[in-house]
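Here is what each chain is made of, one letter per residue.
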Amino acid sequence: MLALGELRKAGVKLKYSAGELRKMAEDIKKNGLPSQTVKELKSQGWTDEEIKALQEYIAKNADNITTGFDMGSFLTNFSRAFVIVGFKYASYESWALEKWKWAHPKETKEQALKAYGSYPKKILPGISRDWVSFYTAYLEDNVSGMNSSLKNIIRYIHSILMPPLYSSGTTFVSSGGVVVQNVHRVGNSVFGYSYYWPSALKAYNLTRQVYVIVEAMSMGNRNPELKGLLNQKVAELKDALVVYYHDETSINPNPSPNPPNPCIGGRCLVGDISSKPSGSSKTSFGNLNNRKDLLKKFALDVDSNYGYIVIEGVDVIPVEATGTYATYRVVVHFRAVNNVVSDVKVMFHGSGLSYQVAVGYVHPDDEVKTVSSIVSSRIYGNGASTVSVAGTVTITGKSVPTPRPTEGFNTSAIGAGIRNVTVTEDYHKVINLKSTIDPSKVTFSVFTDPASPVLVGTNVKFKIYVYNGNNKAVSFNYRLYVQCPTSPGNSFTKTVTGSLSLGPNSGETITVFSNTFSSTGSFGYSGTLYFGQYSKTSQGTLDVRATPVSGGSV
């Protein structure tokens, strides 16, 4: 990013159209590389053979230039690429940990929730001090402060998930969770606590992703997109650090006058009982009359967090697939979490594709949003039977925190104002240029039974209709998103998936989900049908009313 700034200061032209690039390539094809360029390449250590090979490559591909070049976007993406590589390594490490520790979990998620789901929620015990230090540094944009605190958090999480043999108090739970028991028993007395951490594996991954961003910043990467990525990942991490906490302490009526220390001979079970939080579901710090107390409360309050965007899925959909070229479009499904995210924009950048959509305001109670790109330019196979397309979907927005603590406070007093959030998802697809399925002969629709509008208390069935007009059997997969009320003014999105197969020139209607709607309002639903390299979408809105409309109908 420093290089980009220097180029702009020097007045260097950064954007070139496809026509300008083709003209430059034709000039090189006729006259060779400019002498100044050759001189510069040689000063960088290029040999005559390498310069000649570059010249021949440009000449050979002069006729294949179909898009322009933006040096600013290139350098920005290049700086981000190093961070994404770090994210990949974090994912590989988490994948290896999952295969090692969660290959045969001893409990299911349902069992753990049944045992711990009614207990209060807390930030992971044992990291409170470091988390407050990290979060304070984060709100103050203190990169070095974030770095040192985060290292301590990573070490502690490592000790939980990979404890020594003598202190194995961790039970691995399906879906990436753990139950941790930090308990010491003497006679009939119990000292300590236990908790269920449903997002342990996710938190392990996120701490490393945050560390990658912080390290990049500390090394001078000034790409403004990194701040948005950091805000997104820190908000995700705070949610992932929440546990269901249970105070296990139960002292016998005739306890020992000197209760035992849980760390015997320098060996602790797991964590440090002395650092355990209170059993209340809210964190209380008395009179919050200074910024330090406010920061501590905001960091540890599990009900206070920034809103952020979660990408549910990215679909790459071929539009044309001829014998020589293909075109495609990209569809992204996403939702907001915790709080409203405003000024939301969706950007598509990839093979033959550059497009932006302004979405605006996304509420966490909304249905899953679906946004589509325009159709790409033609991607030629150059004699091959397939073409590969790749790119990135980037969603940006502005978010404010959602503090709902018992005492209440103005988050502006601690500098927790509006922050940009950024989330990205890469896509890649190999498109067959000679597909045996004609997507225009497939029909797909999602609808409700009974049809909208309906009365409160009605059980509504969500159905899909699929027709295969091809002269061969086709296998289909589908995903359905349905917005369902939980209480007046609040809702969640139900996701349903399934599959079916249809013979030639045949159709079928399937009920995939049903729900009784207990609140009035408009509830969105959408579905995507996947078949071969293609997909189709359908969506609608269900209106739920309290009383019938005039005439007795609903």
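Everything that follows concerns the structure shown earlier in this document.
Residues numbered from 1 in each chain as written. Predicted model: local features only at pLDDT ≥ 70, side-chain atom pairs only at ≥ 80, totals over all residues. Heavy atoms only, no water.

Details of the nonpolar core
Step number 1: Grouped together as the largest cluster of nonpolar side chains are 63 residues, with contacts concentrated most on Trp131, Leu161 and Trp197.
Step number 2: A per-element tally of this core places helix α9 (residues 200–218) first, with 11 residues.
Step number 3: When neighbours within four sequence positions are excluded, tryptophan 131 is seen to be in contact with Ile123, Ile153, Val234, Leu237, Lys238, Leu241, Ala299 and Leu300.
Step number 4: In terms of nonpolar packing, the next biggest core, distinct from the first, is built from 29 residues, Phe444, Ile510, Tyr525 and Leu542 among them. (Core = buried A, V, L, I, M, F, W, Y, C linked by side-chain atoms within 4.5 Å. Buried < 20%, exposed > 50% of the residue type's maximum accessible area, 1.4 Å probe, protein only. Helix = DSSP H or I, 4+ residues; strand = E, 2+ residues; numbered from the N terminus. Contact = heavy atoms within 4.5 Å.)

Let's talk about the pattern of salt bridges
Step number 1: Using the criterion set out here, one finds eight salt bridges in the structure.
Step number 2: With a shortest N-O distance of 2.3 Å, arginine 335 and glutamate 312 are connected by a salt bridge. Of this pair, arginine 335 sits in strand β9 (residues 325–337) while glutamate 312 sits in strand β8 (residues 308–321), and the two are 23 residues apart along the sequence.
Step number 3: Of the residues examined, arginine 335 reaches a relative accessible area of 29% and is grouped as partly exposed.
Step number 4: Ionic pairing is found between aspartate 449 and lysine 463, a salt bridge with its closest N-O pair at 3.1 Å. One end of the pair, aspartate 449, is in strand β16 (residues 442–449); the other, lysine 463, is in strand β18 (residues 459–468), with 14 residues separating them in the sequence.
Step number 5: With relative accessibility at 35%, the residue aspartate 449 sits in the partly exposed group.
Step number 6: The buried category is assigned to lysine 463, whose relative accessible area is 17%. (Salt bridge = Lys/Arg side-chain N within 4 Å of Asp/Glu carboxyl O.)

What about the sheet that holds strand β7 (residues 242–247)?
Step number 1: Across the sheet, five strands lie side by side as β3-β7-β6-β5-β4; this open sheet has antiparallel pairing. Taken across any chain shown, the strands that pair with only one partner, and hence form the sheet edges, are β3 (121–123) and β4 (170–173). Averaged over neighbouring strand pairs, the angle between their axes works out to 30° when direction is ignored.
Step number 2: Judged from the four bridges that link them, β4 and strand β5 (residues 177–186) form a sheet pairing that is antiparallel. Note on β5: the bridge partner recorded for phenylalanine 172 is valine 178.
Step number 3: This element, helix α6 (residues 109–116), spans β4, β5, β6 (189–197) and β7 of the sheet and lies at about 135° to β6. (Pairing = 2+ DSSP bridges. Axes fitted to C-alpha atoms, helices over the stretch in contact; angles between N-to-C directions.)

A short note on unusual backbone geometry
What is expected of a backbone is that most residues other than glycine have negative phi and most peptide bonds are trans.
Step number 1: The residue after aspartate 449, namely proline 450, is reached through a cis peptide bond having omega 5°.
Step number 2: On the secondary structure map, proline 450 appears in the loop between β16 and β17 (454–455).
Step number 3: Across the junction of serine 452 and proline 453, the peptide omega takes the value 0°, indicating a cis bond.
Step number 4: Take proline 453: it is sitting in the loop between β16 and β17.
Step number 5: For serine 175, which is not glycine, the phi dihedral falls at a positive 70°.
Step number 6: With respect to the helices, strands and loops of the structure, serine 175 is situated in the loop between β4 and β5.

Quick word on a nonpolar patch on the surface
Step number 1: Together, Val85, Tyr89 and Tyr92 make up an exposed nonpolar region whose accessible area comes to about 370 Å².
Step number 2: Within the fold, tyrosine 89 resides in helix α5 (residues 71–101).
Step number 3: Given a relative accessible area of 58%, tyrosine 89 falls into the exposed group. (Patch = residues over 30% accessible without salt bridge, like charges linked within 9 Å, V, L, I, M, F, W, Y side chains within 5 Å. Areas by Shrake-Rupley, 256 points an atom, 1.4 Å probe, with all protein chains shown as cover.)

What to know about the packing of aromatic side chains
Step number 1: All told, the structure shown has 19 aromatic pairs when counted by the stated rule.
Step number 2: An angle of 55° between the planes, with centres 5.4 Å apart, marks the rings of tyrosine 135 and tyrosine 138 as tilted. Here tyrosine 138 and tyrosine 135 lie together in helix α7 (residues 128–139), a separation of three residues that amounts to about one turn.
Step number 3: Through successive ring pairs, a cluster of aromatic residues spans Trp131, Phe134, Tyr135, Tyr138 and Phe298.
Step number 4: Across the ring face of tyrosine 135, the terminal group of lysine 238 is positioned such that the distance to the ring centre comes to 5.3 Å.
Step number 5: Taking NZ or CZ as reference, lysine 238 lies 4.9 Å from the ring centre of phenylalanine 298, over its face. (Phe/Tyr/Trp six-rings, centres within 6.5 Å; stacked < 30°, edge-to-face > 60°. Lys NZ or Arg CZ within 6 Å of the ring centre and 35° of its normal.)

Considering the environment of tyrosine 193
Step number 1: Its place among the elements puts tyrosine 193 in strand β6.
Step number 2: The class of tyrosine 193 is buried, set by a relative accessible area of 1%.
Step number 3: Here the alpha-carbon distance between tyrosine 193 and aspartate 247, two residues 54 residues apart in the chain, equals 4.4 Å.

Structural notes on the layout of surface pockets
Step number 1: Here the largest pocket is characterised by a volume of approximately 1,700 Å³.
Step number 2: Elements with a minimum of two residues in the lining of the largest pocket: α5, α9, α10 (225–240), β7, β8, β9 and β15 (419–432).
Step number 3: Broken down by class, the residue content of the lining of the largest pocket amounts to 16 nonpolar, 11 polar and 12 charged. (1 Å grid on protein atoms, 1.4 Å probe; cavity = no way out; pocket = protein on both sides within 12 Å on 5 of 7 lines; lining within 4 Å. Points joined across faces, edges and corners; volume = space filled by probe spheres on them. Nonpolar A, V, L, I, M, F, W, Y, C, P; charged D, E, K, R; others polar.)

Focus on α7
Step number 1: End to end, α7 covers 16 Å across 12 residues, agreeing with the expected 16 Å (1.5 Å per residue, within 8%).
Step number 2: Within the sequence span of α7, burial applies to Trp131, Val132, Phe134, Tyr135, Thr136, Ala137, Tyr138 and Leu139.
Step number 3: On its buried face, α7 is in contact with β3, α8 (143–161), α9, α10, α11 (291–300) and β15.
Step number 4: Of the residues flanking the end of α7, it is aspartate 141, one or two places downstream, whose phi is positive at about 55°. (Expected span 1.5 Å × (residues − 1).)

Side note on the pairing of β16
Step number 1: In β16, alternate side chains face the same way, and those of Val442, Phe444, Val446 and Thr448 are buried while those of Thr443, Ser445, Phe447 and Asp449 on the opposite face are not.
Step number 2: Pairing of β16 with β18 involves eight bridges; the strand directions are antiparallel. Bridge pairing in β18 links threonine 448 to phenylalanine 462.

That's the geometry; what it means functionally is another story.
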